[in-house]
4 protein chains.
Amino acid sequence: MEKINLGVIGTGRIGKVHIATLVQNVPQAEVIAVADVNLDSAKEVAGQFGIKSVYSNYLDVINHSGVDAIVICSSTDTHAQIIVDAAKAGKHIFCEKPVDLSLEIIKGALMAVESAGVKLMVGFNRRFDPNFLKIKQMVVAGKIGEPHILKITSRDPAPPPAKYSAVSGGMFMDMTIHDFDMARYIAGSEVTEVFTKAAVLVDPEIGRAGDVDTAIITLSFENGAIGVIDNSRKAVYGYDQRVEIFGSKGMASADNNFPDNHRFYSSDGVHGALPLNFFMDRYLEAYANEMKIFCNAIINNLVLPVSGYDGLMSVAIAIAAKKSYLESRPVKLKEII
Amino acid sequence: MEKINLGVIGTGRIGKVHIATLVQNVPQAEVIAVADVNLDSAKEVAGQFGIKSVYSNYLDVINHSGVDAIVICSSTDTHAQIIVDAAKAGKHIFCEKPVDLSLEIIKGALMAVESAGVKLMVGFNRRFDPNFLKIKQMVVAGKIGEPHILKITSRDPAPPPAKYSAVSGGMFMDMTIHDFDMARYIAGSEVTEVFTKAAVLVDPEIGRAGDVDTAIITLSFENGAIGVIDNSRKAVYGYDQRVEIFGSKGMASADNNFPDNHRFYSSDGVHGALPLNFFMDRYLEAYANEMKIFCNAIINNLVLPVSGYDGLMSVAIAIAAKKSYLESRPVKLKEII
Amino acid sequence: MEKINLGVIGTGRIGKVHIATLVQNVPQAEVIAVADVNLDSAKEVAGQFGIKSVYSNYLDVINHSGVDAIVICSSTDTHAQIIVDAAKAGKHIFCEKPVDLSLEIIKGALMAVESAGVKLMVGFNRRFDPNFLKIKQMVVAGKIGEPHILKITSRDPAPPPAKYSAVSGGMFMDMTIHDFDMARYIAGSEVTEVFTKAAVLVDPEIGRAGDVDTAIITLSFENGAIGVIDNSRKAVYGYDQRVEIFGSKGMASADNNFPDNHRFYSSDGVHGALPLNFFMDRYLEAYANEMKIFCNAIINNLVLPVSGYDGLMSVAIAIAAKKSYLESRPVKLKEII
Amino acid sequence: MEKINLGVIGTGRIGKVHIATLVQNVPQAEVIAVADVNLDSAKEVAGQFGIKSVYSNYLDVINHSGVDAIVICSSTDTHAQIIVDAAKAGKHIFCEKPVDLSLEIIKGALMAVESAGVKLMVGFNRRFDPNFLKIKQMVVAGKIGEPHILKITSRDPAPPPAKYSAVSGGMFMDMTIHDFDMARYIAGSEVTEVFTKAAVLVDPEIGRAGDVDTAIITLSFENGAIGVIDNSRKAVYGYDQRVEIFGSKGMASADNNFPDNHRFYSSDGVHGALPLNFFMDRYLEAYANEMKIFCNAIINNLVLPVSGYDGLMSVAIAIAAKKSYLESRPVKLKEII
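Here's a quick rundown of the structure. (Residues numbered from 1 in each chain as written. Chains lettered and ligands numbered in written order. Predicted model: local features only at pLDDT ≥ 70, side-chain atom pairs only at ≥ 80, totals over all residues. Heavy atoms only, no water.)

Some details on the overall build of chain A
Here's step 1: Each helix and strand in chain A was counted, giving 13 helices and 15 strands.
Here's step 2: In terms of overall dimensions, chain A is globule-like: its C-alpha atoms have a radius of gyration of 20 Å, near the 20 Å expected for 337 residues.
Here's step 3: Each of the three principal axes of chain A carries a C-alpha extent, and together these read 60 × 55 × 45 Å.
Here's step 4: Going through the 337 residues of chain A one by one, you find that 63% of them count as buried. (Helix = DSSP H or I, 4+ residues; strand = E, 2+ residues; numbered from the N terminus. Rg over C-alpha atoms; globule rule 2.2 N^0.38 Å. Buried < 20%, exposed > 50% of the residue type's maximum accessible area, 1.4 Å probe, protein only.)

Side note on the relation of the copies chain B and chain C
Here's step 1: Of the two same-sequence chains, chain B is brought onto chain C (RMSD 0.0 Å, axial shift 0.0 Å) by a rotation of 180°. The relationship between the two copies is best expressed as a two-fold rotation axis. When each C-alpha of chain B is compared by its distance to the rotation axis, His271(B) comes out closest, at 2.2 Å.
Here's step 2: Both copies present the same face, since 100% of the interface residues in chain B are matched by interface residues at the equivalent positions in chain C. (Least-squares fit on C-alpha atoms with pLDDT ≥ 70 in both. Contact = heavy atoms within 4.5 Å.)

Quick notes on unusual backbone geometry
Residues and elements named next belong to chain A.
Here's step 1: Between Lys97 and Pro98 the backbone carries a cis peptide bond, its omega angle lying at -10°.
Here's step 2: Positive phi values are uncommon outside glycine, yet Ser328 reaches one of about 50°.
Here's step 3: Mapped onto the secondary structure, Ser328 falls in the loop between α13 (308–327) and β15 (331–332).
Here's step 4: For Ser328, a relative accessible area of 41% corresponds to the partly exposed category.

A closer look at the interface of chain B and chain C
Here's step 1: If you look at the interface, chain B gives 14 residues, while chain C gives 14 residues.
Here's step 2: When the two sides are added together, the surface that chain B and chain C hide from each other amounts to roughly 1100 Å², 60% of it contributed by carbon and sulfur.
Here's step 3: When the area that chain B buries against chain C is broken down by residue, the three leading residues are Tyr265(B), Val270(B) and Leu274(B), summing to 41%.
Here's step 4: Inspection of the chain B/chain C interface yields zero salt bridges.
Here's step 5: Counting across the interface, chain B meets chain C through three residue pairs in polar contact (both at pLDDT 80 or more).
Here's step 6: Secondary structure elements with two or more residues in the side of chain B that touches chain C: β13 (262–266) and β14 (269–272) of chain B.
Here's step 7: Of all the elements, β14(B) adds the most residues to the side of chain B that touches chain C, at four residues.
Here's step 8: Among the residues making up the side of chain B that touches chain C, the classes are represented as eight nonpolar, five polar and one charged.
Here's step 9: Two elements, β14(B) and strand β14 (residues 269–272) of chain C, share three bridges in a ladder whose sense is antiparallel. Each residue of the ladder has a partner; that of His271(B), found in β14(C), is His271(C). (Buried area = accessible area lost by both parts, 1.4 Å probe. Salt bridge = Lys/Arg side-chain N within 4 Å of Asp/Glu carboxyl O. Polar contact = N/O pair within 3.5 Å; in protein donor to acceptor, adjacent residues only side chain to side chain. Nonpolar A, V, L, I, M, F, W, Y, C, P; charged D, E, K, R; others polar. Pairing = 2+ DSSP bridges.)

Some remarks on the pattern of salt bridges
Here's step 1: Taken as a whole and judged by the stated rule, the model has 92 salt bridges over all chains.
Here's step 2: Between Arg127(A) and Asp181(A) there is a salt bridge, with its nearest N and O atoms 2.7 Å apart. With Arg127(A) in the loop between β6 (120–122) and α6 (130–140) and Asp181(A) in helix α9 (residues 176–187), this residue pair connects regions lying 54 residues apart in the sequence. As far as burial versus exposure is concerned, Arg127(A) and Asp181(A) are alike and both buried.
Here's step 3: Connected via shared salt-bridge partners are Lys151(A), Glu244(A), Arg155(B), Asp230(B), Asp240(B) and Arg242(B).

Some thoughts on the environment of Ala273(C)
Here's step 1: Summarising the element assignment, Ala273(C) is placed in the loop between β14 and α11 (279–282).
Here's step 2: Apart from the residues within four sequence positions on either side, Ala273(C) is in contact with Val270(B), Phe258(C), Pro259(C), Asp260(C) and His262(C).

Let's talk about the relation of the copies chain C and chain D
Copies of the same chain, two in number, are related to each other by a rotation about an axis and a translation along it.
Here's step 1: When chain C is brought onto chain D, the operation consists of a screw motion whose angular component is 180° and whose axial shift is 0.0 Å, with 0.1 Å RMSD remaining.
Here's step 2: A share of 100% of interface residues in chain C that are also interface residues in chain D marks the association as one of identical surfaces.

Points about the sheet that holds strand β1 (residues 4–9) of chain A
Two strands in a sheet stick together by hydrogen bonds in their backbones, pointing the same way (parallel) or opposite ways (antiparallel).
All names here are of chain A.
Here's step 1: Spatial strand order, β3-β2-β1-β4-β5-β6: six strands in an open sheet with parallel pairing. Of all the strands in the sheet, just β3 (53–55) and β6 have a single pairing partner and so form its edges. Strand-to-strand twist of the sheet, defined as the mean angle between neighbouring strand axes without regard to direction, takes the value 20°.
Here's step 2: Where strand β5 (residues 92–95) meets β6, three bridges bridge the pair, whose relative direction is parallel. By the bridge assignment for β6, Cys95 is matched with Val122.
Here's step 3: Packing against the sheet, helix α1 (residues 13–25) makes contact with β1, β2 (29–35), β4 (69–72) and β5, and its axis sits at approximately 150° to β2. (Axes fitted to C-alpha atoms, helices over the stretch in contact; angles between N-to-C directions.)

Notes on the interface of chain C and chain D
Here's step 1: Taken together, the contacts link 39 residues of chain C with 39 residues of chain D.
Here's step 2: In total, chain C and chain D occlude about 3000 Å² of area from one another, counting both sides; carbon and sulfur atoms represent 68% of this.
Here's step 3: If you sort the residues of chain C by the area they bury against chain D, Lys197(C), Ile216(C) and Ile226(C) come out on top, with a joint share of 18%.
Here's step 4: The tally of links between chain C and chain D comes to eight salt bridges.
Here's step 5: The shortest N-O distance in the salt bridge between Lys151(D) and Asp230(C) comes to 2.9 Å.
Here's step 6: Our count for the contact surface shared by chain C and chain D stands at 13 residue pairs in polar contact (both at pLDDT 80 or more).
Here's step 7: Those elements that place two or more of their residues in the side of chain C that touches chain D are β7 (147–155), β8 (191–199), β9 (214–221), β10 (226–232), β11 (240–247) and β12 (250–254) of chain C.

Digging into the packing of aromatic side chains
Here's step 1: Within this structure, the stated rule accounts for 30 aromatic pairs over all chains.
Here's step 2: Aromatic pair Phe94(B) and Phe294(B): ring centres 5.5 Å apart, planes at 70°, arrangement edge-to-face. One end of the pair, Phe94(B), is in strand β5 (residues 92–95); the other, Phe294(B), is in helix α12 (residues 284–299), and 200 residues separate them in sequence. Per residue, the accessibility class of Phe94(B) equals that of Phe294(B), and both read buried.
Here's step 3: Considering the side-chain rings of Phe132(D) and Tyr283(D), the 6.4 Å spacing of their centres and the 45° angle between planes classify their relative orientation as tilted. One end of the pair, Phe132(D), is in helix α6 (residues 130–140); the other, Tyr283(D), is in the loop between α11 (279–282) and α12 (284–299), and 151 residues separate them in sequence.
Here's step 4: For Tyr283(D), a relative accessible area of 1% gives the class buried.
Here's step 5: Each residue in the set Phe132(A), Tyr239(A) and Tyr283(A) is aromatic and connected to the rest through ring pairs, giving one cluster.
Here's step 6: The side chain of Arg155(A) reaches across the aromatic face of Phe246(B), ending 4.3 Å from its centre. (Phe/Tyr/Trp six-rings, centres within 6.5 Å; stacked < 30°, edge-to-face > 60°. Lys NZ or Arg CZ within 6 Å of the ring centre and 35° of its normal.)

Regarding the environment of Phe246(A)
All names here are of chain A.
Here's step 1: Relative to the elements of secondary structure, Phe246 occurs in strand β11 (residues 240–247).
Here's step 2: According to the relative accessible area criterion, Phe246 is buried, its value standing at 0%.
Here's step 3: Sequence separation between Phe246 and Ile152 is 94 residues; the distance between their C-alpha atoms is 12 Å.

Regarding the side chain of Thr153(D)
Here's step 1: Relative to the elements of secondary structure, Thr153(D) occurs in strand β7 (residues 147–155).
Here's step 2: Classification of Thr153(D) by relative accessible area gives buried; the value is 4%.
Here's step 3: Here the side chain of Thr153(D) touches Lys151(C) through a polar contact of 2.5 Å, side chain to side chain.
Here's step 4: Of the polar contacts made by the side chain of Thr153(D), one reaches the side chain of Asp230(D); its length is 2.8 Å.
Here's step 5: Excluding residues that lie within four positions of it along the chain, Thr153(D) makes contacts with Lys151(C), Asp230(D), Asp240(D), Gln241(D) and Arg242(D).

With respect to the environment of Gly170(B)
Residue and element names in this part refer to chain B.
Here's step 1: Note on placement: Gly170 falls in the loop between α7 (164–168) and α8 (171–174).
Here's step 2: What makes Gly170 buried here is its relative accessible area of 3%.
Here's step 3: Sequence separation between Gly170 and Ala318 is 148 residues, and the spatial gap between their C-alpha atoms is 9.4 Å.
Here's step 4: Non-local contacts of Gly170, meaning those with residues more than four positions away in its chain, are made with Ser165, Asp211 and Arg233.

Overview of the sheet that holds strand β5 (residues 92–95) of chain D
All names here are of chain D.
Here's step 1: Here we have six strands laid out as an open sheet, ordered β3-β2-β1-β4-β5-β6, and parallel in their pairing. What marks the edges here is a single partner per strand, and that holds for β3 (53–55) and β6 (120–122). Averaged over neighbouring strand pairs, the angle between their axes works out to 20° when direction is ignored.
Here's step 2: As judged from the three bridges shared by strand β2 (residues 29–35) and β3, these two strands associate in the parallel manner. Bridge pairing in β3 places Val34 opposite Val54.

Considering the side chain of Ser189(D)
Residue and element names in this part refer to chain D.
Here's step 1: Mapped onto the secondary structure, Ser189 falls in the loop between α9 (176–187) and β8 (191–199).
Here's step 2: For Ser189, a relative accessible area of 10% translates into the label buried.
Here's step 3: Excluding anything up to four places from it in sequence, Ser189 contacts Arg184, Phe221, Glu222 and Asn223.

Remember, this is a structural readout, not a statement about activity or role.
Next up, the structure:
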């Protein structure tokens, strides 16, 4: 294969991001079909990017004979069924996270993928951010020695509507899930136990909807390292995404990205720019890298860097985190999966 | 009182630091008596700093009629009895941390202090470090709004001998105790619950001695905030002491201190100095400020900025942290005290 | 006009950069014609980006009836003639810097532009770099008060071949010219006098070719401010591009851009990434912004942010800088223009 | 010699700094005599620091039989004569900068020193600042390779009274003189030519007094390197003292010192502390190191790290800088000395 023809399912915010990347920055990729339950949305996007086939039913994309692989950007509750259908049709799959909120359903989807012998990559875009990639490379290269302590700070600039929690599965499932994947990725080891301390400090509405907005989550890893994630739904200074890993030979850390690197010295202090405020600005390069790597791996029959198993494990940790919070005790992963 | 006459008990490392500060940097203070069980050590220090009265028995310092206040720098197991004796003699007291390893014994000492109406300050020197002081001031001034998340990183450059653990009470009692005090100080609220995840990753000897060398400790505060401390006995890059507090209006953080602020750009990267490696270099200014504040408060009859209760609570949290580690569950402070 | 049709002349390195930006990132622009004296190069680029009309003679681009504006990316010695021809044909013009090495020839070109009533923008891309833009905005907003001292550091990662100097007009004309424009832009004032101290420290070949590779250039501005540019043809640590402006109310500075913002603390120091090494990486965003702004200004009939006069003045300052170097004395701009 | 007895002449601001350092931080030194034309000032200082002999006439200090070395902190116009008198009395000498405003007078004083065979150190304290020392060490160690470009930023927080210029010799002589010494020190080479561009931008009174308050000074060095110093009498954000040296193998720079290293992230930016505002805070460590090194060198008969020749050359460069400014042309040092 020299070129890959793609069909995209779901033309909401993230669907548009992937389509724009594929059209503008991935020369070996062509988006030839698109579907959205909202046909008007699909048509608009197709028009803007010159995509020929437009559908409201995602099965039409899957069954389009020219389509080599599909990119799933629809709502979470549809992911698993689309994976199953695409796998059956022999199409390779890129799926946004989370695969599903239920471990059983995810396992079912992964079995369908395995039976069909197609490839599946889950959209943990942050792995492809140049900062976190650099940290991962340093860990793999042994620069920090044996990992001892992993720290992830992950704070959003503003909470989603409180009612979103019901659909999304809550903060651990829609937000921290990225950090759970990052933790496994950077530590290079599986999580074995989770302890969650969480609170509703940002917005009481979130609490009334049964969710939390602030958390400190302690992780134990198979390799003996320990880790901690701290989350907030609202950092007034912007999107705060940092990683630090400490080991026997040193420490590597990645700071936020900033729109510029000016400094202003006035009579009342030294001032600089705030971190990038929007996840698409912060992870612009990560999204582009992710899609390039997916297309390249399919074309050249390479191993995909984020597997279905990665998608499964992040959801399992999110479930453990929630359980730990509800039961005020450390929860072992083997209780969950 | 215009000037204060001090007696110092214990002329080991920290005793010398305090004496040097008092002699060189606190004009209103005079060190007139000194004692150490090792009389030769006491004599040497007295000679170096021109201190007139030298004893091997600390009671001689306490009972010296010219002494207004004593500075306790002897081994931990002697602190409480010296406090009691000094209180009975009507002398004000500065005592190094921890006051004792037993809550009952500390309570007894505090009662003696209260009965005698003398003043007692516990040596949590880090409160007087310019960086942490600045963070505290910003919290008090409301700059960060309501505190949500507190993070303390505290890593030593090298572990003490493994056998030291038995005497010291272990890592939580001899090292993290500073962080427990810092947590209460910065958050401005009492700790209500502790969860400890700890491990032996630096040196198996430490494990064999029944102690740990690496930990992540989650704290809950009365005001609703949550916090986390991460500890290691061995950071190869030096002494790592940082604080970050995140709240509804922003985040304030304090970085390490460095011996200089050079940057070197060579063909293989940008390089800078390591953090100060030794606690006396890192906290030089803190030690000096601490002693000045103690003397000034005694002279002018002001409230001391670190109370006996602060000394008690830090030990209680250390006990809770150890219990949480041993029982693998969150421990409430009210179980302890 | 709702959309702009462009013809690009010259398909070398910078020509490709502009074409890629226009095709991928400027929706209101369409590149419909392209020319290069090397027809094969033009054809290859046209094929890659789907450009319909391909020529070896630039006049064919200018005379293409569909072309609204041209982008001149050919060699410097052809710029002025192409400007004149395009102006006569009533086409708007974007021209790479420098317009020409001769002030007389530039003046002639500008007169042709003025007579024809077309618009001309000169490619000082750095004005559109987010860092320098931020500094400019702060100056304009009065944040630094009255400007007193302007400092520009501009160092290349590696020198061009020594023989390139003959064609390019030398370091002041091909490299420092960007800094001369930046100086006028940030200071918001015209340069009145130049003093150059320069040397050959990087490569003796450069000296033998009659050029220099290292310089410190002092500038006087009409508004009373003074400034200094320091240049080197070879910074082993990468592309070093910084600006600092100091005034009555404060100082604003812009640091380099880095590929990531990791820090690595090992036992031998703290390490970070080198600045971006390649001008196209460093100024990627600047090139894109520049082309968007040009197209938008033509479509909406707005004033262009870099004028032909700006192109003229930067060359005049370069000539003064060279003269100052050769005559070892400060040279007034009015001696030159 | 195991201990050194010192006499201090001049008990103004800098005199007090040196006395405090000697008394508190240099155990092998004893200040046994002090003099000031204002006897009350001398008495007050003597009382505070327990100095036994107090005089109004500096000759009494010089002739005090117990005095091994003198520290000259009196007004500039008295330095040379005191040096001559001290040399004749066989006393070693530490002299604040500048030695004198006249090269002839300095030369005379240096000859007296040489004839007497005593040691003389000039008070260029900044050489002993940990930051600049680190840069010097890196240059000496060959880390930056051959030096190409040296940059010194030196800005005061506030100008002295305009009339002070008459006494001090003006900005180049009282302020930039430190930078001229730093330039020779860091570059490790003599200055051969100076070009000054200066202005009155801070305070017109300074101009009326015949001085300038803002300057950019280009330096040429014997080793081929070139350098630039930028000065302002008023940086509203504090004392700004930075050095950068760029060479064939890399660049080393030293930033300012800050009272703490907090960062505050609020909704309107990231904020940090201003640089230390007062030269005694900024150079506290430098002053202490300087005095320790002087005493140690005298005691152990070592070469002093700042010679009388260094004192002479810095004044010569200051004279050249002034001449360059007045005559608007580069001035060679050999025209001056």
